[in-house]
Every structure is written in structure tokens, then in C-alpha cells.
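Examination of the molecular architecture
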Amino acid sequence: MADALLEVTRVTKVFGGLTAVHAVDLEILAGEIRGLIGPNGAGKTTLFNCITGVYKPDGGEIRLEGSRLNGFKPHRITKAGIARTFQQIRLFGEMTSLENVEVGLDAQHRAGAISAILHLRRHRIENEEASREGLNLLRFVGIERYANEPSRNLSYGDQRRLEIARALGTKPKLLLLDEPAAGMNPKEKEDLMALIRKIRDSGVTVLLIEHDMRVVMGVCERVAVLDHGEKIAEGPPEQLQKDPRVIEAYLGREVAEDAAGA
Amino acid sequence: MKRGDSRNRRLLTGGLLTGVAIIALVIPQLVSLAAQEILVLIATFALLALGLNVVVGFAGLLDLGYIAFYATGAYAWGIFSGAGPIKMPYTRSEFWGDWGFWIILFVVLAINMGIGVMLGSPTLRLRGDYLAIVTLGFGEIVRIVANNLESVTGAALGISQIPHPRIPFIGYHFGLNPVPYYYLLLLLLIVGIFVIRRLDHSRIGRAWIAIREDEVAAEAMGVPTLKMKLLAFAIGATTAGVAGVVFASKSNYVSPASFDVFASFLVLCAVVLGGMGSIPGSLAGAFVIVGIPSFLQLRFPELDEYRYWTFGVILVAMMIFRPQGLIPSKRREAELMLEADPDIPEAVT
């Protein structure tokens, strides 16, 4: 398809004797919010790690806007336009919120050591830009009042938001969110859903791993389901809720048969 | 209120800095020759600590063989000044004239950057403990090579008769007087502090701290981690190299015995006690680690056997009363106040 942003073709990842991801195809269109669900251990995060270069896929191909990303180092993939957040929050704890976002923004910056030592124009412009845009991003996710607070002092929900702001700092085309709603209360989840929509509306495509079905059903236009490393279903969320394979993956065969019979 | 606080704080640090600068400038004129020698020692260690702080404090890379870079700097001047066993046209002092020392001071920047990158490119892919082990090994390898490569380094006897620096044109000879070395080191310290401060406040400094805090996340945020770690390593290596050149020219003698593991640990202690990631901290750390024991020894020579005892007492007292270091970096201060758990002192890593 012409406007496929990310094409994942038959990606496989094997750990020893365990095939964590097996020949998964995934095509994400520019401008959509795509969900990726599946029971624990289904291979969702492994797939994320393959896309972002943390793992090298053992087979298959990953293309962003048509160009191959396989074998790139994570920082190269980030610069190519894929940013992510982590399942376990991984902020730079001692740095302030603003500094955290600035590290993300620095992915766009080019000033080297000499420029920094001599305070050359490029360094000054980029440094100024980093703090200005950093504040904008903090405002975007709604935590600008903690700009100068060390990030480890932030509440759990705010840390999740900061991770998103930091990832957005790298100016991604595609944002991968790994269980962003984990540990959030209902109010925070509502806000998160609004934030995800806002991110999409700003022109960033979103791929979301999430266990909370209300969040998935609430924001995703299409959802892919992984089980035992394979994609077992894909489609709009309402349709998947009735799909016997999906119910079986989550609840077991008997329940699935009951549901089909009923 | 907060704004007033920060302004007062800035005034206070400004005043303190000026005071320290004035004292540092005047003090050699006021003390005995023996104390001047100690001042040179402190300044040398301060330069070493300044460089190691970039590696350990900023980038979080535990380097236990740091003194090797000090050794290569010292031997570089030893060999190229013509004092070593290699006798080539370019290793004779006549070839260099008064410029030799100053040229080597710059050449060592390149040499040590090269060695740092050569050692770093394979090893900086390792993390944590593994890096510590490899650097520990590297430090020992350099010392053992110096101890055995007789045709280049003069083996265990070392290189003696290394020339003192001369200032070109005016022909001033540094000689045995410690004072000019002290001022030279002071100048190098100022340059070092300037460069490292500027880097710290740039995207490079942010990248270093990010790597120290979480390397996986840093990489995922587009930080070229290997390149940034190499840069930190190279800056540490060059700083130590420069200190080594001055050391060799001052003592006019180098031997492998000066570069054992204990010397590496001493510098590391200065960085940790001063406050990791803090530039004024590493300078203060150097003062405490080599200054206080040396002055005590000077004052009470009969207590010489207690030198390591004082050292131990300082270490233990610091861990109990000020685990974040003498002058912690602001970020670190915040972290330790938060994790107020007095039973667990901050680990070296």
C-alpha cells in the first residue's frame, strides 16, 4: 500500500529453543493508532525490541517508509523516525524532567564537542532550541510545572507522561508505546487516551501495546493480536472481541467454545 | 523566595570561588619549599581527578586503570626528550630546542586520545563490572610493559635525567623549583575546567549523564552511546596524559613504580569522595586525598606510619557523614536526599 509507514514482514526472533516471535507481518498506515495485544509472553515487547533495534531479528524485514531498518543500531533507528517508551519506566532519574526531554531532542542536534567548547553559533542555537522545545513538549503532555524537578520525584503517571514527551522529542514518525496505562488510575487512563489521540492528531502514528482493553477499545482503530509469537487476528476492536481465536488465546478453548455456542 | 535563595547561593559560590582562586594563586609564595612540593602534588592529582571525573562521574564508566594514561604521558616526554634509551634525531633535546616540552604537551593529547580510542572501541561495548576488569588489566599491562621493554622505557630503572621545561624566547628554566610547575598545573587546570564545564552544559554532557543513568534508554533516545563513551574516555585520557608530561618534567625521572594500581585507586577515591559528577568536588577530593595526608606527614614526621591510617579514617568518615561527596553535583544531591537511607552508603559504581 502506498501510505504504509511501517512494514514488518515475516519477522522472527528466536531465543535458544523458544521462538518468541514467529513470522509476524504487520503493516501500519501513516496517521493511525494501532493496537497490539496478546496474553503475557505473546511476544509483543519482543516485537517492539526487534523494531527498535534492541534485538536483531533472526528473519524477516522491517521497513520504515520503504527503507530497510534491519541491523541498524537503536540510536540510528530512533533518528530514522521510530521512538518508544518502555514497559518498565526507564527515565534518567537524576536529570530534571526538562533535561530528560532535551536528551530526546538532542537526537536532532549536530553540534559537536568543539562547537560546545567554543560556544559556537550552532551549539547556542541548538541548546536554546532544546530548552524551548523541551518546555513545549512538557506542556503538551501536561507536566510543565515539574520542568526543573528531578524526574525520579515525579508521580508514576507523570513519569509515564514524561517518557512519552521524551520520545516525542526525537521527532518520530512512529511512536511505540509499551503498556503506557499500566499502573494508572481510571482518571489518568482517560487523560492518557486523550493524549494519545492528541499525539496522533499532531501527525505522529502510534503503535500501542496495552493490556487494558478499555484503553485499547477506546483509542485504537485497528488491533493486531499476538499469541505464542504469532499473529492470530487483526481488525477493528469490536470485531476482535467476538473472534473465537482471540477469546481462546485469552481465556482458553472451553470458554471460546461456550462463547461460540451461545 | 526561591529566587532570592538561588541568588544568594550564586553570590556565595561566586565569593567562595574568588577566595579559592586567590588562595590558589598566592599560597606558593607563603609556604616552605616542602609545602610547595605538596602543592604540586595536589595540583597534579587535581588534574587527574578532573579527567577521571568525566569518565566515572559523568559517563558512569568505572575505569580502574586510569593511571595508565598518566604513565603514557610521562613516558612520552621521557622518551621524546632524549633521556630514554631510544637515541634518534627527533628524540634529542637539541632537535626540539626550548619548544620540546610544549610541543610534546600537545602531541600527548593526540597520543593519548589515540590510545584511549584504541582501548575504548572494543572495551566500551562492555558494561559495568566487565569494563572495570578490562581497564584494571589495561593499567597493569601498561605498567608491566614499561617494566620490561628495556629498549624503550629503560625497564625497572626507568628514565632519568629528563629535562625540565624551558620557556621559549625568554629562556626561563623551570629547574628544580616547584613553584613554576605549580602555576603551570594551575593554568592547565583552568583550561581543563573550562573545557569540561562547557561540555557538561551541552548535549554531550546530557548524553553522558543519560548513559550513566540508563544506557538502554539513552540509546533508544538516539544517543550514540559508544561514540559518547569514547569521547568521555578520550577526554579522561588526554587530561591524564598532560598531567603525566608535567610530572615527568618536574621529577625528571619516571619509573614503572609510580604507576601501580594503588595510584589509580587514589585518583578514583578523590573523585568519589569529592562527589561524582562534580567538578569542584573532584578538586576538593584531590586536596583531601593527597593534600591532608601529605601535610600531616610534613607537620608530624613521626606519624609517618599512620599515613594509611589517616587515609582510612577519612574514607570511613566520609561514607558515614557525607556519602554524596564533599561537593556533590546538584543532581546527585537531589537524588540522595530523596533516598534518605543512612544505613546503605552510596556504592562506588
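Notes on the structure follow. (Residues numbered from 1 in each chain as written. Chains lettered and ligands numbered in written order. Predicted model: local features only at pLDDT ≥ 70, side-chain atom pairs only at ≥ 80, totals over all residues. Heavy atoms only, no water.)

**Points about the overall build of chain A**
A count of helices and strands for chain A gives 11 helices and 10 strands. The C-alpha radius of gyration computed for chain A amounts to 19 Å, which stays within 12% of the reference 18 Å derived for 262 residues, consistent with globular compactness. Here chain A holds 262 residues, and 54% of them are scored as buried. Across chain A, 36 positive and 38 negative side-chain charges occur, with their mean positions spaced 6 Å apart. (Helix = DSSP H or I, 4+ residues; strand = E, 2+ residues; numbered from the N terminus. Rg over C-alpha atoms; globule rule 2.2 N^0.38 Å. Buried < 20%, exposed > 50% of the residue type's maximum accessible area, 1.4 Å probe, protein only. Lys, Arg positive; Asp, Glu negative; His and termini not counted. Charge placed at Lys NZ, Arg CZ, Asp CG, Glu CD.)

**A few points about the pattern of salt bridges**
Two side chains with opposite charge may pair up if their charged atoms get near one another. The full count for this structure, using the stated rule, is 24 salt bridges over all chains. The closest approach of N and O atoms between A:Lys173 and A:Glu65, which form a salt bridge, is 3.4 Å. One end of the pair, A:Lys173, is in the loop between helix H6 (156-169) and strand E7 (174-178); the other, A:Glu65, is in the loop between strand E4 (59-64) and strand E5 (67-68), with 108 residues separating them in the sequence. The salt bridge partner of B:Lys229 is B:Glu215, with a shortest N-O separation of 2.8 Å. Placement of the pair is B:Lys229 in helix H11 (residues 225-251) and B:Glu215 in helix H10 (residues 215-220), with a sequence separation of 14 residues. Assessed through its relative accessible area of 2%, B:Lys229 is described here as buried. (Salt bridge = Lys/Arg side-chain N within 4 Å of Asp/Glu carboxyl O.)

**Things to note about the side chain of B:Thr44**
Residues and elements named next belong to chain B. Within the secondary structure, Thr44 sits in helix H2 (residues 33-58). Relative accessible area serves as the criterion here: at 7%, Thr44 is assigned to the buried category. With sequence-adjacent residues up to four places away left out, Thr44 is seen in contact with Tyr70, Leu185 and Ala243. (Contact = heavy atoms within 4.5 Å.)

**A short note on helix H10 (residues 244-251) of chain A**
Residues and elements named next belong to chain A. Within H10, the full set of buried residues consists of Val246, Ile247 and Ala249. For H10, the angular spread of the buried residues around the axis is 160°, confining them to a single face. One side-chain oxygen of the residue at the start of H10 lies 2.9 Å from the amide nitrogen of Arg245, identifying that residue as Asp243. Phi turns positive one or two residues past the end of H10, at Gly252, with a value near 100°. (Arc of directions from axis to C-beta. Polar contact = N/O pair within 3.5 Å; in protein donor to acceptor, adjacent residues only side chain to side chain.)

**Quick notes on the sheet that holds strand E9 (residues 222-227) of chain A**
Residues and elements named next belong to chain A. Pairing is mixed in the open sheet, where six strands are placed in the order E6-E7-E8-E3-E9-E10. Of all strands in the sheet, those with a lone pairing partner are strand E6 (82-84) and strand E10 (230-235), marking the two edges. Across the sheet, the mean angle from the axis of one strand to that of its neighbour is 20°, orientation sign disregarded. Here strand E3 (residues 33-37) runs beside strand E8 (residues 205-209); their pairing, made up of four bridges, is parallel. Bridge pairing links Leu36 to Ile209 in E8. (Pairing = 2+ DSSP bridges. Axes fitted to C-alpha atoms, helices over the stretch in contact; angles between N-to-C directions.)

**Looking at the interface of chain B and chain A**
Contacts between chain B and chain A engage 31 residues on the former and 38 residues on the latter. Counting each side, the surface lost to burial between chain B and chain A is near 2900 Å², with a carbon and sulfur contribution of 58%. The three residues of chain B that bury the most area against chain A are B:Arg203, B:Arg206 and B:Met221, which together make up 27% of that side's buried surface. Taken together, chain B and chain A are joined by five salt bridges. B:Arg206 is the partner of A:Asp106 in a salt bridge, and the nearest nitrogen-oxygen pair spans 2.8 Å. Joining chain B to chain A, the criterion identifies 15 residue pairs in polar contact (both at pLDDT 80 or more). The set of elements that each furnish at least two residues to the side of chain B that touches chain A consists of helix H8 (178-200), helix H9 (203-213), H10, H11 and helix H15 (330-338) of chain B. When residues in the side of chain B that touches chain A are grouped by element, the largest group, seven residues, is from H9(B). Looking at the side of chain B that touches chain A residue by residue, the class counts come to 17 nonpolar, three polar and 11 charged. (Buried area = accessible area lost by both parts, 1.4 Å probe. Nonpolar A, V, L, I, M, F, W, Y, C, P; charged D, E, K, R; others polar.)

**Quick notes on the sheet that holds strand E1 (residues 4-15) of chain A**
Residue and element names in this part refer to chain A. Across the sheet, four strands lie side by side as E2-E1-E4-E5; this open sheet has antiparallel pairing. Every other strand in the sheet has two partners, leaving strand E2 (18-29) and E5 as the edge strands with one partner each. In this structure, E1 lies alongside E2, joined through eight bridges in antiparallel fashion. Following the sheet pairing, Glu7 is matched in E2 by Glu27. Running over the sheet, helix H1 (residues 44-51) touches E1, E2 and E4 and is turned about 115° from E1.

**Considerations on the nonpolar core**
Judged by nonpolar contacts, the single largest core of 105 residues is most densely connected at B:Phe69 and B:Trp208. Beyond its immediate stretch of four places on either side in the chain, B:Phe69 contacts B:Asp63, B:Asn112, B:Ile115, B:Gly116, B:Leu119, B:Phe138, B:Phe233, B:Ala237, B:Ala240 and B:Gly241. (Core = buried A, V, L, I, M, F, W, Y, C linked by side-chain atoms within 4.5 Å.)

**As for the packing of aromatic side chains**
Residues and elements named next belong to chain B. Evaluation of the coordinates by the stated rule reveals 15 aromatic pairs over all chains. Judged by centre distance (5.2 Å) and plane angle (80°), the rings of Phe174 and Tyr181 are edge-to-face. With a relative accessible area of 5%, Phe174 lands in the buried category. Members of the aromatic cluster, each reached through a chain of ring pairs, are Trp77, Phe101, Trp102, Tyr172, Phe174 and Tyr181. (Phe/Tyr/Trp six-rings, centres within 6.5 Å; stacked < 30°, edge-to-face > 60°.)

**Concerning the pairing of E7(A)**
Residues and elements named next belong to chain A. Burial within E7 is extensive, with five of its five residues counted as buried. A two-sided burial pattern is seen for E7, the buried positions comprising Leu174, Leu176 and Asp178 on one face and Leu175 and Leu177 on the other. Relative to E7, E6 runs parallel, the two being bridged by three bridges. Within E7, the residue paired with Arg84 across the bridge is Leu176. In this sheet, E8 lies alongside E7 in parallel orientation, the contact comprising five bridges.

**Re the pairing of E10(A)**
Residues and elements named next belong to chain A. Looking at chain direction, E9 and E10 are connected through five bridges and run antiparallel. Within the sheet, the bridge partner assigned to Val225 lies in E10 and is Ala233. Linking E9 to E10, which pair antiparallel, is a turn of two residues; within it His228 sits at a positive phi near 50°.

**Side note on unusual backbone geometry**
Even without a glycine there, the phi angle at A:His119 is positive, about 55°. Within the fold, A:His119 resides in the loop between helix H4 (113-117) and helix H5 (121-141). The phi dihedral of B:Gln161 falls on the positive side, at around 60°, and the residue is not glycine. Following the sequence through the fold, B:Gln161 ends up in the loop between strand E1 (159-160) and strand E2 (166-167).

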